[in-house]
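What follows is the residue order along each chain.
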Amino acid sequence: MGHGWEGAVLRLLRAKDFALTVTASERLTPDYVRLRVTGGGLLDASGTLPTTWVRLWFRRGGRPHQRAYTLVDPDPASGTFSLDFALHAGTAADWARAARPGDTIEATVHGAPLTPPQPEPAQLLLIGDTAALPALNSLLDAHPDTPATVWFETRGPGDADLPVRVRPGPHTLLRVPRERAGARLVEEVRATLPRYLGAPADAWAWIACDTSTTRALATHLRAALPAPRRQVRAQGYWRP
Ligand SMILES: Cc1cc2nc3c(=O)[nH]c(=O)nc-3n(C[C@H](O)[C@H](O)[C@H](O)COP(=O)(O)OP(=O)(O)OC[C@H]3O[C@@H](n4cnc5c(N)ncnc54)[C@H](O)[C@@H]3O)c2cc1C
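Cut-offs applied
- Residues numbered from 1 in each chain as written.
- Predicted model: local features only at pLDDT ≥ 70, side-chain atom pairs only at ≥ 80, totals over all residues.
- Heavy atoms only, no water.
- Pairing = 2+ DSSP bridges.
- Helix = DSSP H or I, 4+ residues; strand = E, 2+ residues; numbered from the N terminus.
- Axes fitted to C-alpha atoms, helices over the stretch in contact; angles between N-to-C directions.
- Contact = heavy atoms within 4.5 Å.
- Domains from an automatic or database assignment.
- Buried area = accessible area lost by both parts, 1.4 Å probe.
- Salt bridge = Lys/Arg side-chain N within 4 Å of Asp/Glu carboxyl O.
- Polar contact = N/O pair within 3.5 Å; in protein donor to acceptor, adjacent residues only side chain to side chain.
- Expected span 1.5 Å × (residues − 1).
- Bend = angle between axes of the 7 residues up to and from the residue.
- Buried < 20%, exposed > 50% of the residue type's maximum accessible area, 1.4 Å probe, protein only.
- Arc of directions from axis to C-beta.

Caption draft 1: Region of interest: the sheet that holds strand β4 (residues 63–75). With antiparallel pairing, the six strands of this closed barrel are ordered in space as β1-β2-β5-β4-β3-β6. With direction set aside, neighbouring strand axes in the sheet form an average angle of 45 degrees. Bridging between strand β1 (residues 16–29) and strand β2 (residues 32–38) involves seven bridges; their strand directions are antiparallel. Following the sheet pairing, T29 is matched in β2 by Y32. Contacts between helix α3 (residues 91–98) and the sheet are confined to β1, β2, β3 (53–60), β4, β5 (80–86) and β6 (104–109), with β3 contributing the most and set at about 90 degrees to the helix. Along the sheet face, helix α4 (residues 133–142) touches β2, β4 and β5 and points at about 30 degrees away from the line of β4.

Caption draft 2: Unusual backbone geometry, seen in detail. For the peptide bond that leads from Q118 to P119, omega is -10 degrees, which places it in the cis range. By secondary structure assignment, the location of P119 is in the loop between β6 and β7 (123–128). In this structure, R180 is a non-glycine residue whose phi angle is positive, near 50 degrees. Within the secondary structure, R180 sits in the loop between β9 (171–177) and α5 (183–196).

Caption draft 3: How the structure looks around the domain arrangement of the protein chain. Segmentation of the protein chain into domains returns domain 1 (4–109) and domain 2 (123–234). Here the C-alpha centroids of domain 1 and domain 2 sit 25 Å apart. Domain 1 puts 13 residues into the contact, and the matching count from domain 2 is 15 residues. When domain 1 packs against domain 2, close to 1100 Å² is buried across both sides, 61% of that on carbon and sulfur atoms. For R165, the salt bridge is made with D73, and the minimal N-O distance between the two is 3.0 Å. Linking domain 1 with domain 2 are five residue pairs in polar contact (both at pLDDT 80 or more).

Caption draft 4: Spotlight on α5. Along its 14 residues, α5 runs 20 Å from first to last C-alpha, staying within 8% of the 20 Å computed at 1.5 Å per residue. Of all the bends in α5, the largest measures some 30 degrees and sits at R190, one to four residues before the proline P194. Where α5 is concerned, the buried positions are L185, V186, V189, T192 and L193. For α5, the secondary structure elements touched by its buried residues are β7, β8 (148–154), β9 and α6 (211–224).

Caption draft 5: Structural view of the side chain of S82. One can find S82 in strand β5. Side-chain polar atoms of S82 contact the side chain of R36, separated by 2.9 Å.

Caption draft 6: Summary view of the side chain of T29. In this structure, T29 sits in strand β1. If we ignore the near neighbours within four places in the chain, the residues touching T29 are G158, D161 and L162.

Caption draft 7: Here's a closer look at α6. Taking 1.5 Å as the rise per residue, α6 with 14 residues should run 20 Å; its terminal C-alpha atoms sit 20 Å apart, in good agreement. The complete set of buried residues in α6 reads T213, T214, L217, A218 and L221. End-on, the buried residues of α6 take up no more than an arc of 130 degrees, which puts them together on one face. In this structure, α6 carries R215, T219 and A223 as exposed residues pointing more than 90 degrees from its buried face. Where α6 begins, one side-chain oxygen reaches toward the backbone nitrogen of S212, 3.1 Å away; that side chain belongs to D210.

Take a look at the structure:
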């Protein structure tokens, strides 16, 4: 598939293209699907740092569209990984809903991976929704013994069954139903942060929700932590 002007710009930036092949599809919940894929060498280019994501290319209305998705359980030895899709109305979600073993999709690797927090934080503050679940889980896997508080925004009762990789002991999971376009999550974080925040100088915050919720939360966390440039990472994952 030609990738239009966006693809041309990415090529100039030395982005690399790969063909992924679906090998399995698993409905984790009615609104969430996991596709296992062979990566066609993608992992050699992307690496496997926590939160690593790729651009997938979809065709709609005769034009290419790129969407970002996060690597799940990448296995460099076999070159395979999974992609988790929160399902809603949308080009990427529709493709994932219908994808079957043997289907292919093009992917581009471009974008700096997350710089791991340095020094190792004493506490993680992780805030995300179902689109951010793969990235949240990759951070929990990478810091299994670091105390972490996770504010996880859910869309409905089905999301209760989604696998959030918290470990009893170091990790605390707070599920927050999505209400008023994310306003409830912002209120809950504001109200409960004082209870869960240890020493502000030793915490590291990661935020990924819809764009406006992410902005509001990032503003709050930047005011709460003394070195926000080092201590707060925030990225809007989708536009409401
Ligand atoms: C770095 C990065 C990594 C990401 N990783 C993942 C991932 O691993 N898994 C994942 O599911 N998503 C992930 N996302 C989010 C995903 O790229 C967006 O949700 C994307 O817009 C979905 O494309 P679409 O074609 O299905 O819907 P679009 O055509 O973009 O949107 C169609 C409609 O759906 C709404 N919509 C879009 N996304 C959502 C959502 N998540 N929840 C509810 N409504 C939505 C839009 O507001 C719009 O009304 C990531 C985003 C970024 C920036």
